[in-house]
Amino acid sequence: MASTHPQPRWRRWGKEALWLLLMALVISTLLDLWRSPTLPEGAMSAPVTLQDGTSTDLATLSRGKPLLVYYWASWCGVCRFTTPTVQQLWQEGDNVLTVALRSGNSEQLGKGMGKKGLTFPTHNDESGELAAQWQVGVTPTFLVIRDGELVSSTTGWSSKWGLQLRLWWASL
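Residues numbered from 1 in each chain as written. Predicted model: local features only at pLDDT ≥ 70, side-chain atom pairs only at ≥ 80, totals over all residues. Heavy atoms only, no water.

With that settled, consider the overall build of the chain. Regarding its fold elements, the chain presents six helices and seven strands. Counting helices and strands in the order they occur from the N terminus, the chain gives α-β-β-α-β-α-β-α-β-α-β-β-α. A globule of 172 residues ought to have a C-alpha radius of gyration of about 16 Å, yet the chain, at 20 Å, is considerably larger. Taking the principal axes of its C-alpha atoms as reference, the chain extends roughly 80 × 35 × 30 Å. Relative to its full complement of 172 residues, the chain shows a buried share of 39%. The long-range share in the chain, meaning contacts at least 24 apart out of those at least 6 apart in sequence, stands at 69%. (Helix = DSSP H or I, 4+ residues; strand = E, 2+ residues; numbered from the N terminus. Rg over C-alpha atoms; globule rule 2.2 N^0.38 Å. Buried < 20%, exposed > 50% of the residue type's maximum accessible area, 1.4 Å probe, protein only. Contact = heavy atoms within 4.5 Å.)

We now examine the side chain of Ser-158. Inspection of the secondary structure assignment puts Ser-158 in the loop between strand 7 (149-155) and helix 6 (160-171). Among the residues examined, Ser-158 registers a relative accessible area of 9% and is labelled buried. Not counting the four nearest positions on each side in its chain, Ser-158 is found in contact with Thr-82, Phe-142 and Leu-163.

For the rest of this paragraph, the subject is helix 3 (residues 79-91). In this model helix 3 runs 18 Å from its N-terminal to its C-terminal C-alpha over 13 residues, within 8% of the 18 Å that 1.5 Å per residue would give. Inspection of helix 3 places Cys-79, Thr-82, Thr-83, Thr-85, Val-86, Gln-87 and Leu-89 among the buried residues, and these make up the whole buried set. Each element contacted by the buried residues of helix 3 is listed here: strand 3 (67-72), strand 4 (96-101), strand 6 (141-146) and helix 6. Backbone geometry just downstream of helix 3 places Gly-93 in the positive-phi region, at approximately 100°. (Expected span 1.5 Å × (residues − 1).)

Next up on the list: unusual backbone geometry. With an omega dihedral of -5°, the bond running from Thr-139 to Pro-140 counts as a cis peptide bond. Assignment of secondary structure puts Pro-140 in the loop between helix 5 (129-134) and strand 6. In the Ramachandran plot, Gln-135 falls in the positive-phi region, its phi being about 60° despite a non-glycine side chain. With respect to the element layout, Gln-135 can be found in the loop between helix 5 and strand 6. A positive phi angle, near 50°, is found at Asp-147, a position not held by glycine. A relative accessible area of 46% means that Asp-147 is categorised as partly exposed.

With that out of the way, let us pick up the state of the cysteines. Counting across every chain of the model gives one disulfide. A sulfur-sulfur distance of 2.5 Å marks the disulfide that ties Cys-76 to Cys-79. Between Cys-76 and Cys-79, the S-S dihedral sits near 80°, and the bridge is therefore right-handed. A residue is classified by how much of its surface remains accessible, and Cys-76, at 4% relative accessible area, is buried. (Disulfide = S-S within 2.5 Å.)

A cluster of nonpolar side chains, Trp-161, Leu-165, Trp-168, Trp-169 and Leu-172, forms an exposed patch at the surface whose accessible area comes to about 680 Å². For Trp-168, the position within the fold is in helix 6. Exposure remark for Trp-168: the relative accessible area of 46% places this residue in the partly exposed category. (Patch = residues over 30% accessible without salt bridge, like charges linked within 9 Å, V, L, I, M, F, W, Y side chains within 5 Å. Areas by Shrake-Rupley, 256 points an atom, 1.4 Å probe, with all protein chains shown as cover. Salt bridge = Lys/Arg side-chain N within 4 Å of Asp/Glu carboxyl O.)

Here we come to the sheet that holds strand 5 (residues 122-125). Pairing in this open sheet of five strands is mixed, and the strands run 5-4-3-6-7 from one edge to the other. Both outer strands of the open sheet, strand 5 and strand 7, are each paired with one neighbouring strand and no more. For this sheet, the mean angle separating the axes of adjacent strands, direction not counted, is 20°. Across six bridges, strand 6 lies against strand 7 in antiparallel orientation. Paired with Thr-141 across the strands is Thr-155, a residue of strand 7. Packing against the sheet, helix 3 makes contact with strand 3, strand 4 and strand 6, and its axis sits at approximately 155° to strand 3. Packing against the sheet, helix 6 makes contact with strand 3, strand 6 and strand 7, and its axis sits at approximately 20° to strand 6. (Pairing = 2+ DSSP bridges. Axes fitted to C-alpha atoms, helices over the stretch in contact; angles between N-to-C directions.)

Structure (structure tokens):
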């Protein structure tokens with residue numbers, strides 16, 4: 001004789017939560033693939049000038065240690081939550097380069113970063129030219145580059161744990 005006892009409520013809710021989590025993961029992955037930037041030929045070796053006046057390139061910065069490139073903007077609402085996380089990663093020794101998109105001239109950007117205590121290396125994409133070349137259309141956008149190769153990207157909010165996991169994965 002088969003048992004006709006209904007499933008406990010917590011078990012049914014657990015299954016529904018698991019399905020919702022799986023669906024969110026699939027949708028998030030598809031969005032990342034759709035929004036993924038396409039870096040032009042030579043982007044990794046092209047010089048990038050930082051706020052402090054120094055010049056570098058992505059291939060050099062990503063040699064031997066994954067590089068997190070963070071596209072953000074002073075006017076971006078979501079960036080208000082992700083920027084402090086990127087600052088923490090930078091302070092803890094992670095390899096970080098940020099690109100400030102249409103966030104004013106160098107003086108305005110420097111003042112704004114100073115007020116917020118942001119010290120990470122930043123390229124000011126004042127006109128949005130670099131973002132257009134790289135086809136970055138959403139802020140925030142996170143790129144992980146290893147040895148001059150784009151290995152992953154994501155857009156929107158990301159947790160510190162999520163960014164650390166991406167950097168760790170890229171180092172394998």
